[in-house]
Amino acid sequence: MLHESIAQALNQQIALEGQSSHTYLTMAVWAETSGFDGVAEFLYAHSEEERQHMLKLMRFVNERGGVAEVPTVEAGPTSYEGLKEVFESILAHETKVTESINHVVDACLQAKDYTTHNFMQWYVSEQIEEEGLARKILDKLALAGNDQGALYLFDRDILSFDQEGHSGN
Ligand code: FEO
């Protein structure tokens, strides 16, 4: 049976992963309607990954005797000045997700819930990859600057950046 504090922390994490999925989805729509087809593919795929992160947590909560809460997700920003703003937002968001996961891990230690602590290690590793990928993409965007040719290549190649450094869900 899940300790109440752990169930609460996990449900907060479920809500955040649901918000992540939604945020990536709105970014994907922006990218697709702004001519960045590669970035759109990347973001649609990432939105799906975040949904899987949410579901994995929900199934765990239910299996452990808790009740997963289906989150209500608010609409995020639907327009961006450019790719730099999109990926800066992603890095900021993923940093927030990491803090939240650390909070869950901390709650597990306090409640001596080593099963959930063990389960959460997958998320800890995933966040290292996600933050790393966002930083890597921002580095590449900084190199591209406002060069349209470089941005074209960035958009064409972004899916390979994901394969280089990210194991998916
Ligand atoms: Fe599932 Fe990007 O955090």
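The rules behind these values
- Residues numbered from 1 in each chain as written.
- Predicted model: local features only at pLDDT ≥ 70, side-chain atom pairs only at ≥ 80, totals over all residues.
- Heavy atoms only, no water.
- Helix = DSSP H or I, 4+ residues; strand = E, 2+ residues; numbered from the N terminus.
- Rg over C-alpha atoms; globule rule 2.2 N^0.38 Å.
- Buried < 20%, exposed > 50% of the residue type's maximum accessible area, 1.4 Å probe, protein only.
- Contact = heavy atoms within 4.5 Å.
- Areas by Shrake-Rupley, 256 points an atom, 1.4 Å probe, with all protein chains shown as cover.
- Salt bridge = Lys/Arg side-chain N within 4 Å of Asp/Glu carboxyl O.
- 1 Å grid on protein atoms, 1.4 Å probe; cavity = no way out; pocket = protein on both sides within 12 Å on 5 of 7 lines; lining within 4 Å.
- Points joined across faces, edges and corners; volume = space filled by probe spheres on them.
- Nonpolar A, V, L, I, M, F, W, Y, C, P; charged D, E, K, R; others polar.
- pLDDT = per-residue confidence, 0-100.

Undergrad: Account for the overall build of the chain, with residues named and values stated.
TA: Looking only at helices and strands, the chain has five helices and zero strands in total. Overall, the chain shows an N-to-C arrangement of helices and strands of α-α-α-α-α. Relative to the 2.2 N^0.38 estimate, which gives 15 Å for 169 residues, the radius of gyration of the chain is 17 Å and therefore close to what a compact globule would have. Summarising its shape, the C-alpha atoms of the chain cover approximately 55 × 25 × 20 Å along the three principal directions. Within the chain, buried positions represent 47% of all 169 residues. Long-range pairs, those at least 24 residues apart, make up 78% of the contacts in the chain between residues at least 6 apart in sequence. Accessible area for the chain stands at about 9,000 Å²; split by element, carbon and sulfur atoms hold 51% of it.

Undergrad: Could you give an account of the pattern of salt bridges, naming the residues involved and the relevant values?
TA: This model, assessed by the stated rule, comprises three salt bridges. One salt bridge connects E88 with K84, and the closest N-O pair in it is separated by 3.0 Å. You can see E88 and its partner K84 sitting in helix α3 (residues 83–110), four residues apart, about one turn around the helix. For E88, a relative accessible area of 38% puts it in the partly exposed group. A relative accessible area of 54% places K84 in the exposed class.

Undergrad: I'd like a description of the layout of surface pockets, backed by residues and values.
TA: Unfilled space is identified by rolling a water-sized probe across the atoms. Considering only enclosed or pocket space, the largest pocket measures out at about 170 Å³ in volume. Secondary structure elements with two or more residues in the lining of the largest pocket: α3 and α4 (114–144). Looking at the lining of the largest pocket residue by residue, the class counts come to five nonpolar, three polar and one charged.

Undergrad: Outline unusual backbone geometry, supporting the account with residue identities and numerical values.
TA: One non-glycine residue with positive phi stands out, namely K112, at about 55 degrees. Within the secondary structure, K112 is located in the loop between α3 and α4.

Undergrad: Explain the side chain of T26 to me, and be specific about the residues and the numbers.
TA: Take T26: it is sitting in helix α1 (residues 4–32). Classification of T26 as buried rests on a relative accessible area of 15%. Non-local contacts of T26, meaning those with residues more than four positions away in its chain, are made with P77 and T78.

Undergrad: Outline the confidence of the model for the chain, listing residues and values.
TA: Residues of the chain with pLDDT of at least 70 account for 95%, and the chain-wide mean is 94. Within the chain, helix α5 (residues 148–165) has the poorest average pLDDT of any element, 86, and helix α2 (residues 37–63) the best, 98. This stretch, residues 165–169, has a pLDDT under 50; its non-local contacts, to residues over four places away or in other chains, come to 17 contacts.

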